[in-house]
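Below, each chain spelled out in residue letters.
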Amino acid sequence: QVQLVESGGGLAQPGGSLRLSCTASGTIFRIGSMGWYRQAPGKQRELVALISSGGGITSYADSVKGRFAISRDNGKNTVDLQMNSLKPEDTAVYYCKAEHRRSVVAPLIDYWGQGTQVTVSS
């Protein structure tokens, strides 16, 4: 079993910055891609950013390109999201997701964190 715990959410002013972190723990064999998603009130959960297992490939939602940056540290089993030039429409609960394989032949399973609130307001 893998647990994901997010931290770093909070209140920021428009134009400000926040950095989210997510740490995976538990019985870890191999973590695949990791990502950040968000869900605003009354809206569906949406992808914000993804990073490949080795960290060499990243992708972003159009709404955050050029403002957010995802990174990971495989030695620490962490994935971060640096959020700059924040806008009120970035307000949401942000969730970390990780793919995990418990053995070489086992399928990938998605694990989710509990979410962290990000509020952008003056």
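Residues numbered from 1 in each chain as written. Predicted model: local features only at pLDDT ≥ 70, side-chain atom pairs only at ≥ 80, totals over all residues. Heavy atoms only, no water.

Observations regarding the overall build of the protein chain
Formally: Numbering of helices and strands runs from the N terminus; a helix is a DSSP stretch of H or I covering at least four residues, while a strand is a stretch of E covering at least two. In this treatment the radius of gyration is a C-alpha quantity, and the globule benchmark scales as 2.2 Å times the residue count to the 0.38 power. The rule is simple: take the accessible area with a 1.4 Å probe, protein chains only, and divide by the maximum for that residue type; under 20% is buried, over 50% is exposed, in between is partly exposed. Note on contacts: a residue pair qualifies if any of its non-hydrogen atoms lie within 4.5 Å across the two residues. Two residue types count as positive, namely Lys and Arg, and two as negative, namely Asp and Glu; His and chain ends fall outside the count. Charge coordinates come from a single atom per side chain, which is NZ of Lys, CZ of Arg, CG of Asp or CD of Glu.
Across its full length, the protein chain carries zero helices and 11 strands. Starting at the N terminus and walking to the C terminus, you meet the elements of the protein chain as β-β-β-β-β-β-β-β-β-β-β. In terms of overall size, the protein chain behaves like a compact globule, its C-alpha atoms giving a radius of gyration of 14 Å where 122 residues would be expected to give roughly 14 Å. When burial is assessed residue by residue, the protein chain has 39% of its 122 residues classed as buried. In the protein chain, once contacts between residues fewer than 6 apart in sequence are set aside, the share between residues at least 24 apart is 55%. Considering the protein chain, the positive charge centre built from 13 side chains and the negative charge centre built from 9 side chains are found 4 Å apart.

Here's the deal with unusual backbone geometry
Trans is the prevailing form of peptide bonds, just as negative phi is the prevailing case for residues other than glycine. Phi is positive for Asn77, which is not a glycine, with a value near 55 degrees. Looking at the secondary structure, you find Asn77 in the loop between β7 (68-73) and β8 (78-83). Of note, Ser85 is a non-glycine position whose phi angle comes to about 50 degrees, a positive value. One can find Ser85 in the loop between β8 and β9 (92-101).

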